[in-house]
Structure formats: structure tokens, C-alpha cells
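So you can see what is in the structure, the chains are spelled out below.
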Amino acid sequence: MNYSSDEVKAFAAASLAEIGMETKKAEKVCLHLINKFKNITIKDYGFDPQKGVPTTDPKADPFYSNSRSCTHAIYALRILKSKNAVPVLKEISEKNRDWWYVCTGADAEHALEG
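Conventions and cut-offs
- Throughout this description, residue numbers start from 1 for each chain and increase along the sequence as written.
- Two thresholds apply to this predicted model, a pLDDT of at least 70 for residue-level local features and 80 or more for giving and counting side-chain atom pairs, whereas whole-chain, interface and lining totals are computed over all residues.
- Only heavy atoms go into the side-chain values, all of them from the structure, while hydrogens and water stay out.
- Helix numbers and strand numbers start at the N terminus; a helix is a DSSP run of H or I with at least 4 residues, a strand a run of E with at least 2.
- This radius of gyration counts C-alpha atoms alone. The globule rule is 2.2 Å times how many residues there are, raised to the power 0.38.
- Note on classification: 1.4 Å probe, protein chains only; a residue is buried when its accessible area is under 20% of the maximum for its type, exposed when over 50%, partly exposed between these limits.
- What makes two residues a contact is simply this: any of their non-hydrogen atoms within 4.5 Å.
- For the charge count, each Lys or Arg is scored as positive and each Asp or Glu as negative, with His and the chain ends excluded.
- Working definition for charges: the position is that of NZ of Lys, CZ of Arg, CG of Asp or CD of Glu.
- Salt bridges are defined by distance alone: a side-chain nitrogen of Lys or Arg within 4 Å of a carboxyl oxygen of Asp or Glu.
- Classification of ring pairs uses Phe, Tyr and Trp, with its six-membered ring standing for Trp, and accepts pairs whose centres are within 6.5 Å; under 30 degrees between planes counts as stacked, over 60 as edge-to-face, and the remaining range as tilted.
- Helix axes use the C-alpha atoms of the stretch in contact, all axes being lines fitted to C-alpha atoms, and the angles between their N-to-C directions lie in the range 0 to 180 degrees.
- Orientation is classified from the angle alone, with under 35 degrees giving roughly parallel, over 145 giving roughly antiparallel, 65 to 115 giving roughly perpendicular, and any other angle giving oblique.
- Any residue outside Ala, Val, Leu, Ile, Met, Phe, Trp, Tyr, Cys, Pro, Asp, Glu, Lys and Arg is labelled polar, Gly included; the first ten of those are nonpolar and the last four are charged.

Caption draft 1: Representation of the overall build of the protein in the model. A tally of regular secondary structure across the protein gives 5 helices and 0 strands. Relative to the compact-globule value of 13 Å for 114 residues, the protein shows a C-alpha radius of gyration of 14 Å, a close match. C-alpha atoms of the protein, sized along the principal axes, occupy 40 × 30 × 15 Å. For the protein, the residues scored as buried account for 44% of the 114 residues in total. Contacts spanning at least 24 positions in sequence make up 62% of the contacts within the protein whose residues lie at least 6 apart. Between the centroid of the 16 positive side chains of the protein and the centroid of its 15 negative side chains there is a distance of 5 Å.

Caption draft 2: View of the pattern of salt bridges. A complete count under the given rule lists 5 salt bridges for this structure. Across the salt bridge formed by Lys38 and Glu91, the nearest N and O atoms sit 3.2 Å from each other. Of this pair, Lys38 sits in the loop between α2 (23-37) and α3 (61-80) while Glu91 sits in helix α4 (residues 86-95); the two residues are 53 residues apart in sequence, bridging distant segments of the chain. Note on Lys38: relative accessible area 16%, which makes it buried. Look at Glu91 and you get partly exposed, because its relative accessible area is 31%.

Caption draft 3: Quick look at the packing of aromatic side chains. According to the stated counting rule, one finds 3 aromatic pairs in the structure shown. Where Tyr45 meets Phe63, the ring centres are 5.6 Å apart and the plane angle is 75°; that geometry is what we call edge-to-face. With Tyr45 in the loop between α2 and α3 and Phe63 in helix α3, the pair connects residues that are 18 residues apart, well separated along the chain. You'll find Tyr45 and Phe63 in the same group, each marked buried. Taking 5.9 Å as the distance between ring centres and 80° as the angle between the ring planes, the aromatic pair formed by Trp99 and Trp100 counts as edge-to-face. Taken together, Tyr45, Phe63 and Tyr64 form an aromatic cluster joined through their ring pairs.

Caption draft 4: Up close: the packing of α3 against helix α5 (residues 105-113). Running from amino to carboxyl end, α3 crosses α5 at an angle of 10°, the nearest separation of the two axes being 9 Å. The pairing of α3 with α5 is recorded here as roughly parallel in orientation. Touching Thr71, Ile74 and Arg78 of α3 are Asp107, Ala108, His110 and Ala111, all from α5. Here the residues of the contact of α3 with α5 are counted per class, giving 3 nonpolar, 2 polar and 2 charged.

Caption draft 5: View of the side chain of Lys9. Here Lys9 shows up in helix α1 (residues 6-19). For Lys9, a relative accessible area of 19% puts it in the buried group. When sequence neighbours within four positions are dropped, the list of residues in contact with Lys9 reads Met1, Tyr3, Ser4, Val29 and Leu33.

Caption draft 6: Structural view of unusual backbone geometry. The phi torsion at Glu22 lies on the positive side, around 45°, for a residue other than glycine. Mapped onto the fold, Glu22 is located in the loop between α1 and α2. Overall, Glu22 belongs to the partly exposed group, its relative accessible area being 46%. Here the phi dihedral of Lys81 falls at roughly 50°; this positive angle occurs in a residue that is not glycine. Within the secondary structure, Lys81 sits in the loop between α3 and α4. Judged by relative accessible area, Lys81 falls into the exposed class, the value being 59%.

Encoded structure:
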């Protein structure tokens, strides 16, 4: 979880959450990541929501990587049943209803249900 890549950090946190190890650190890392990405959209990467994000454009790689980071982080917080995450997950669930957000409302909603 100390690696420089946010995606690797989130995946490591999710893996540790699944086996119940380093849960406090995993929660802290995941909360940091979802707060970092909660307001970011494809517009922040220079793409038009009407046209979407081309899968073959190398400039799209950070968007997809950060989206995976957020999905893994939210998943880990769900596994951890993090009460500290509830306010930010509610915010994401209510606000990020469009597909072009890095952190999607659907992921947050699913975490709140579980």
C-alpha cells in the first residue's frame, strides 16, 4: 500500500481487506483515494462526455487506472464495513450518477448496501 501507483495501492488494500489484515491502514488508504477521485470526471482528462473515452488513446490510461483504483478502494471499504466511509460513499452515490465520473455512484451505492 506504499507503492506509488494508486491502482496498486487500492488493489493491495482490497486484497488485505479480504483476508482481514492491516485493516486500519487499508481503510485509511482507501478513504484517501476515494476522496482524491470523488469529484474527477473525464473532462479533467481532456475528454468530452458526449464522445466518451477512447480505449486506444494512451491519454485515456490514467482515467481507466484511476477508475479501477476507486472501484477497488470502494470494494475494500465495503468488505471492511467502514463506518468512516459512509458520508463520502453517500456523497458519491447521490452525486456521481453519470458514467463519466472516476468514482461511480453505482459502486458507492453497492458498498452502502453491503
